[in-house]
Each structure stands twice: as C-alpha cells, then as structure tokens.
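# Analysis of the macromolecular model
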Amino acid sequence: MAPIVIDGASIAGAIRSEVADAVAERDRHGLAKPGLATILVGEDPASAVYVANKIKACSQVGFEGFHHALPADSNFEAVEALIEQLNSDPTVSGILLQLPVPEGLDGAALSALISPNKDVDGLTPASAGALALGRPGLRPCTPAGIIELLDRTAIQISGSEAVIVGRSDLVGRPLASLLLERDATVTICHSRTIDLPEVCRRADILIVAVGRPELVAADWVKPGATVIDVGINRTDSGLIGDVDFAGASKVAGAITPVPGGVGPMTIAMLLRNTLLAVESVEARVSA
Ligand code: NDP
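Residues numbered from 1 in each chain as written. Predicted model: local features only at pLDDT ≥ 70, side-chain atom pairs only at ≥ 80, totals over all residues. Heavy atoms only, no water.

## Thoughts on the site of the ligand
In the neighbourhood of the ligand, 20 residues make up the surrounding shell, with Arg167, Ser168, Ser191, Ile232 and Thr266 lying closest. In the model, an oxygen atom of the ligand is placed 2.5 Å from a nitrogen or oxygen of the Ser168 side chain. Between the ligand and Ser191 there is a distance of 2.6 Å, counted from an oxygen atom to a side-chain nitrogen or oxygen. Expressed as a share of its isolated accessible area of 930 Å², the protein-covered part of the ligand is 71%. Residue classes in the shell around the ligand are distributed as nine nonpolar, nine polar and two charged. (Near = heavy atom within 4 Å. Polar contact = N/O pair within 3.5 Å; in protein donor to acceptor, adjacent residues only side chain to side chain. Areas by Shrake-Rupley, 256 points an atom, 1.4 Å probe, with all protein chains shown as cover. Nonpolar A, V, L, I, M, F, W, Y, C, P; charged D, E, K, R; others polar.)

If you want it as structure tokens, here you go:
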C-alpha cells in the first residue's frame, strides 16, 4: 500500500494561519502585536536570505518586525549591548540571532545572553536545560515541528519505539527529550552506533537528521513505520534527504518528502514560539 506522504508545506501553512488568526484576535481585544527582533551580523548571503524569509513570514502573520543589521566587524560588546536592550524592550516578544556569526565572535556565548522568555529559537542553554528537565519553556523549532507533523498526521507517539539518527543540539538531542515527554521509547544513534540498519529496523518512528544523501535505505525501515527525513542535501540533482525516499516509500506507512516535509515547519514553529512567548509573559503579568 502506498504510504501517507506527510505534507509539511500544508501543515506549516495551517500553523501560520492559526498564528495569523491569533494575532487578529489579539488585535480585536486591543492586545499588542507580537514582535520578533532579528539580528544579522555581517553580510553572509545565505544568512541574509534566511533572515529575510523570517522577516517576511513575520509580516505575513501580522507580527511587528525589528531587524538589526550589524557590520561584520562588530565586537562582542556591541552585539551584547543590542541583545540586552532587546531583552528589556517590552515591544520585543522574541529575539533571533542568526548563526553563524562572523569569525572572531562567539555565537554560542552571544545566543546564551538572550532571555529565556524571548528565546524563540529555543536553543540557549537555559531553554535546553528546561527541556531536558521537562520544565516549561520555548522548544527548538525543528524538533517541535516534527512533533506537530506526527500529531497532525495522527501518528501515535506514546508507547512507540522511536529511533533518532543524529545527536546534534539543534535536532537529535532536543527531539529525544520531546519524544520522551510524549512517552515514546527513544534510542539516539550517531556515527559510532554499531549496526545502524538493525537499530533503525526496530523503529515505529524513524527520524533521520544526519546530512548524508540517502544514507537510510529501504531495508532499514520496518514495514509500516513512520519515517521523518530531516536531512537537506544540495546535490547536482537538486535537494535530497537522508532517506532513499523512493525505496523507503515502498515499505513505510508514512514518510516525509524532501523538500516539502520537515523544512517548512521550522519557520512556522518560530512564528508559533513568538506568539507563545508574548502569551506567557502576559499570563505571568496577570497571575
Ligand atoms: P550535525 O552535523 O550537527 O549532526 C549530524 C549527526 O549525524 C551527528 O550526531 C553525527 O554523529 C551523525 N552522523 C554523521 N554521519 C553518520 C553516519 N554515517 N551514521 C550515523 N550517524 C551519523 O547536523 P544537524 O543535526 O544540524 O543537521 C542534520 C541534517 O538536517 C542536515 O542535513 C541539515 O541540513 C538538516 N536540517 C534541516 C532542518 C530543517 O529542515 N529545517 C533544520 C536543521 C537541520 P556524531 O555526533 O557521532 O558526529
């Protein structure tokens, strides 16, 4: 039987519409627009495109956008001062420091200065710690987007055997915590895992975030499993994922394509995090 092809573009579109509706509802109640501050240090063309896409997505859902472009030779103190100013600005609900920053600046140390209440990327040590300990906080966008894909496709997480290939701070590790929080039995694999195909074949939900074109072959997939392909690999034949989509589609029960699967979810979840950030500040003020 043909698998369900999980349509990330359409699910991301639904989340964007929900956020836009919530912003319009806030407007009707006289509440402030959520505001996202973006910081781009230097002129890296790929980073400039990523930031431009985020700014555009913000304006489409009715957010206020505050963009700060700093010269490539900015020192640590200049970026720090800007982050601190944005941390204390009540019109700014979320702050996004586009990484990588130019050589000579410590991007991780700068990101760590972002207030956890405004950490809409969900990647600072404070947010990562809250997630690991099961405490409330803003969750990283790509892993949270994967949970949305599973939920909105009605894939059962609780009690499932979930195998994640890749242990990055951006995807694999936070995703493991999110799946554990939802009562999956979680295995994390990496470059030193012994007999990776055999471990993958155990998975009811197999998530691959490695960055190697078509690493996962069809015979690594348990019949009927859900396969989430996070990989984005630019090749001569275009963008391809970490999973052999054509082969795995013959075995899987549900599968994400590349492009059009996980990719569109990241910005959608950034928008939702920005909305959650403003709502949780308001909830604390009114408590
Ligand atoms: P990293 O390079 O940070 O991590 C890759 C992981 O894969 C590491 O844990 C590494 O293991 C593991 N690995 C490498 N080779 C193998 C192998 N042969 N077998 C098993 N594991 C292996 O990557 P990211 O997590 O940042 O990104 C992974 C992919 O996802 C990339 O293609 C990236 O472009 C894509 N991505 C897509 C996003 C989106 O759709 N929005 C967002 C983020 C990422 P070890 O730790 O042992 O080195």
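After presenting the structure, the write-up continues.
## A few points about the pairing of strand β7 (residues 205-208)
Side chains Ile205 and Ile207 of β7 all project onto a buried face; the interleaved residues Leu206 and Val208 project onto the opposite face, where all are buried too. Pairing of strand β5 (residues 161-165) with β7, which is carried by four bridges, proceeds in the parallel orientation. Considered in β7, the bridge of Val163 is made with Leu206. Here β7 runs beside strand β8 (residues 226-229); their pairing, made up of four bridges, is parallel. Each bridged residue has a counterpart across the sheet, and for Ile205 the counterpart in β8 is Thr226. (Buried < 20%, exposed > 50% of the residue type's maximum accessible area, 1.4 Å probe, protein only. Helix = DSSP H or I, 4+ residues; strand = E, 2+ residues; numbered from the N terminus. Pairing = 2+ DSSP bridges.)

## Let's talk about the nonpolar core
One recurring pattern in soluble globular proteins: nonpolar side chains tend to sit buried together. Among the nonpolar cores identified, the biggest contains 47 residues, and Ile146, Leu179 and Ile207 are the most heavily contacted of them. When contributions to this core are tallied by element, the ones reaching two or more residues are α1 (8-28), α2 (45-60), α6 (141-152), β5, α7 (172-181), β7 and α10 (265-286). No other element matches the nine residues that α10 contributes to this core. In this structure, Cys200, Val208, Val243 and Ile255 belong to the second largest nonpolar core, which totals 18 residues. (Core = buried A, V, L, I, M, F, W, Y, C linked by side-chain atoms within 4.5 Å.)

## As for the pattern of salt bridges
Pairing between side chains of opposite charge can happen when the charged atoms of each approach one another. Taken as a whole and judged by the stated rule, the model has eleven salt bridges. Among the salt bridges present, the one from Glu181 reaches Arg139, with a minimum N-O distance of 3.5 Å. Taken together, the residues Glu181 in helix α7 and Arg139 in the loop between α5 (125-132) and α6 connect sequence positions 42 residues apart. Among the residues examined, Glu181 registers a relative accessible area of 40% and is labelled partly exposed. Since its relative accessible area comes to 13%, Arg139 is described here as buried. Between Glu198 and Arg201 there is a salt bridge; the shortest N-O distance is 3.0 Å. Because the salt bridges share partners, they merge into one network encompassing Glu18, Glu148, Arg152 and Arg272. (Salt bridge = Lys/Arg side-chain N within 4 Å of Asp/Glu carboxyl O.)

## Some points on the packing of α2 against α10
Remark: α2 packs on α10, axes separated minimally by 10 Å, with the N-to-C direction vectors making an angle of 55°. Compared by their axis directions, α2 and α10 come out oblique. Seen from above, α2 lies across α10 with right-handed handedness. Packed against α2, whose contacting residues are Asn53, Lys54, Ala57 and Cys58, the element α10 presents Ile267, Leu270 and Leu271 at the interface. Broken down by class, the residue content of the contact of α2 with α10 amounts to five nonpolar, one polar and one charged. (Axes fitted to C-alpha atoms, helices over the stretch in contact; angles between N-to-C directions. Parallel < 35°, antiparallel > 145°, perpendicular 65-115°, else oblique. Left-handed = near helix turned anticlockwise from the far one by under 90°. Contact = heavy atoms within 4.5 Å.)

## Points about the sheet that holds β5
Taken in spatial order, the six strands of this open sheet run β1-β11-β8-β7-β5-β6, and their pairing is parallel. At either margin of the open sheet sits one strand with a lone partner, and together these are β1 (4-5) and β6 (185-189). Bridge count for β5 against β6 is five bridges, and the pairing is parallel. Each bridged residue has a counterpart across the sheet, and for Ala162 the counterpart in β6 is Val186. Sitting on the sheet, α7 touches β5, β6 and β7, and the angle it makes with β5 is about 170°.

## Observations concerning the environment of Pro257
Checked against the element boundaries, Pro257 lands in the loop between β11 (254-255) and α10. Once the C-alpha coordinates of Pro257 and Arg135 are considered, the two residues, 122 residues apart in sequence, prove to be 32 Å apart. Apart from the residues lying within four places of it in its own chain, the contact partners of Pro257 are Val5, Ile6 and Phe245.

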